[in-house]
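Residues per chain, in single letters:
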Amino acid sequence: QMYGTLPVVHETGGLKDSVRGLWDDSHLDTATGFLFGGFEDGAMRHALHRAADTFHHRRDVFKRMQSNAMRMSFYWPTAMDEYERHVDWTLESWPSRQPESWWHQ
């Protein structure tokens, strides 16, 4: 995304976290690519057509998405810091249920 190439990706794992889809015009300020879900070929084909259609017929939207994508930062040390904050928060928080309640279900 650093060079303005908008990805077409399967909505899973880290891709789902890093690529923000253009689902409708309310996402213009955050969209950075085109996502699809499911494992049938029609889903991917639809996402590719949506990307091509946006490029050819909605050039202003495509350029805005490129700008959004190029502003994103995936600097690894920053990502590691965020991951560590989540781990710390998880380890320091109290469980929502008492451990004994798990044994009596």
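Computed from a predicted structure; not experimentally measured.

Quick notes on the rules
Residues numbered from 1 in each chain as written. Predicted model: local features only at pLDDT ≥ 70, side-chain atom pairs only at ≥ 80, totals over all residues. Heavy atoms only, no water. Helix = DSSP H or I, 4+ residues; strand = E, 2+ residues; numbered from the N terminus. Contact = heavy atoms within 4.5 Å. Areas by Shrake-Rupley, 256 points an atom, 1.4 Å probe, with all protein chains shown as cover. Axes fitted to C-alpha atoms, helices over the stretch in contact; angles between N-to-C directions. Parallel < 35°, antiparallel > 145°, perpendicular 65-115°, else oblique. Nonpolar A, V, L, I, M, F, W, Y, C, P; charged D, E, K, R; others polar.

Caption draft 1: Just the overall build of the protein chain, in detail. Helices and strands together make up the secondary structure of the protein chain, namely five helices and two strands. Scanning the protein chain from its N terminus toward the C terminus, one meets helices and strands in the order β-α-β-α-α-α-α. Sequence-distant contacts, at least 24 apart, represent 57% of the contacts inside the protein chain between residues at least 6 apart. With an accessible surface of roughly 8200 Å², the protein chain has 58% of that area assigned to carbon and sulfur atoms.

Caption draft 2: Inspection of the side chain of Asn68 at higher detail. With respect to the element layout, Asn68 can be found in helix H3 (residues 59–71). Setting aside its immediate chain neighbours within four residues, Asn68 contacts Leu28, Asp29, Thr30, Ala31 and Thr32.

Caption draft 3: Summary view of the packing of helix H2 (residues 41–57) against H3. Across the interface, H2 lies against H3 with an axial gap of 5 Å and an inter-helix angle of 110°. Here H2 lies roughly perpendicular to H3, going by the angle between them. Contact with H2, carried on its side by Ala51, Thr54, Phe55 and His57, involves Arg59, Val61, Phe62 and Met65 of H3 and no other residues of that element. Along the lines of polarity and charge, the residues of the contact of H2 with H3 split into five nonpolar, two polar and one charged.

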